[in-house]
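Tertiary structure, described
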Amino acid sequence: MASADLTALQLTGIDAPPLLEVEPGRLLQPVVATAYQAMQQAAAADGIELRIASGWRDFSRQQAIVKAKLNGERTVYDAAQQPVALAGLSPAAQIEAIMLYSALPGASRHHWGTDLDVWDLAAVPADYVLQLTPAEYAAGGPFASLSDWLSRYAGQFGFFRPYRTFRGGVAAEPWHLSYRPLASTYLQQLSLPMLQAAILQSELPAREAICALLPELFQRYICNIDGEEDV
């Protein structure tokens, strides 16, 4: 499938790509929305009510998340879901702790309108508070059946899971789907200088120090994803 290139500002979330509201407050590129809705219908036939927890996210939103974590206003968790005390860590270790679950602004795949976090409305009570933790999608968790279904069928609709397993960068995120026909192109288009420019114009504390770490972070947390053949 041919795909239109995004501008540097769109790739880094500063500007929005063309978007369509798929669910209230949940935006995706139109071609991704069409693929998602087809997958949603197929899942419904198997008793799964697929819903989007997060779709397109702009630079400002991603910046607010990371800034709050750096400032101690939002808890940072390790892979065992235990709180991390950032104050006792070096700047590099602080950034790495945050990037386990939260991308730097400008570096999130959610900026492209191709990526979404999903859950199953039918699997939980109406008052359920969604956590988006690996345990929810593992055996015995409420979304285990959804995870199994995605492993079998998501690829038929063009989606794969870039964080299916932990590869030394981003933690495993079984809820995160990416639309391969577009996202693969955008990952190739996103460059280190492009990301450095976005970080330097941000409101992040220690942004110059972050930029100094970007060459290694770029490879470890952005380019280091599961193979596209793995949903």
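Residues numbered from 1 in each chain as written. Predicted model: local features only at pLDDT ≥ 70, side-chain atom pairs only at ≥ 80, totals over all residues. Heavy atoms only, no water.

Let's talk about the overall build of the chain
- From N to C terminus, the chain includes 9 helices and 6 strands.
- Here the C-alpha radius of gyration of the chain, 17 Å, is about what a compact globule of 231 residues would show, namely 17 Å.
- Seen along its three principal axes, the alpha-carbon backbone of the chain occupies a region of about 50 × 40 × 30 Å.
- Pairs at least 24 residues apart make up 67% of the contacts formed inside the chain by residues separated by at least 6 positions.
- Carbon and sulfur atoms form 53% of the exposed surface of the chain, whose accessible area is close to 10300 Å². (Helix = DSSP H or I, 4+ residues; strand = E, 2+ residues; numbered from the N terminus. Rg over C-alpha atoms; globule rule 2.2 N^0.38 Å. Contact = heavy atoms within 4.5 Å. Areas by Shrake-Rupley, 256 points an atom, 1.4 Å probe, with all protein chains shown as cover.)

Quick word on the pattern of salt bridges
- According to the stated counting rule, one finds 7 salt bridges in the structure shown.
- Among the salt bridges present, the one from Glu49 reaches Arg51, with a minimum N-O distance of 3.6 Å.
- For Asp226, the salt bridge identified is with Arg167, shortest N-O distance 3.8 Å. Placement of the pair is Asp226 in the segment after α9 (207–223) and Arg167 in the loop between β5 (159–160) and β6 (176–179), with a sequence separation of 59 residues.
- Classification of Asp226 by relative accessible area gives buried; the value is 3%.
- Several salt bridges converge on common partners, so that one network encompasses Arg164, Arg167 and Asp226. (Salt bridge = Lys/Arg side-chain N within 4 Å of Asp/Glu carboxyl O. Buried < 20%, exposed > 50% of the residue type's maximum accessible area, 1.4 Å probe, protein only.)

What about the packing of helix α3 (residues 59–70) against helix α4 (residues 91–99)?
- Packing of α3 against α4 brings their axes to within 11 Å, and their N-to-C directions diverge by 130 degrees. Viewed along their axes, α3 and α4 adopt a mutual orientation that is oblique. The element α3 and its partner α4 pack so that their crossing is right-handed. Contact with α3, carried on its side by Val66, Lys69 and Leu70, involves Gln94, Ile95 and Ile98 of α4 and no other residues of that element.
- Across the contact of α3 with α4, the residue classes tally to 4 nonpolar, 1 polar and 1 charged. (Axes fitted to C-alpha atoms, helices over the stretch in contact; angles between N-to-C directions. Parallel < 35°, antiparallel > 145°, perpendicular 65-115°, else oblique. Left-handed = near helix turned anticlockwise from the far one by under 90°. Nonpolar A, V, L, I, M, F, W, Y, C, P; charged D, E, K, R; others polar.)

Side note on the sheet that holds strand β3 (residues 50–54)
- Read across the sheet, 4 strands follow the order β3-β4-β6-β5 without closing on themselves; strand pairing throughout is antiparallel. In this open sheet, the two edge strands, each paired with only one partner strand, are β3 and β5.
- Pairing geometry for β3 and strand β4 (residues 115–120), over 4 bridges, is antiparallel. Note on β4: the bridge partner recorded for Arg51 is Trp119.
- Those strands touched by helix α7 (residues 180–189) are β4, β5 and β6, and its axis lies near 85 degrees from that of β6. (Pairing = 2+ DSSP bridges.)

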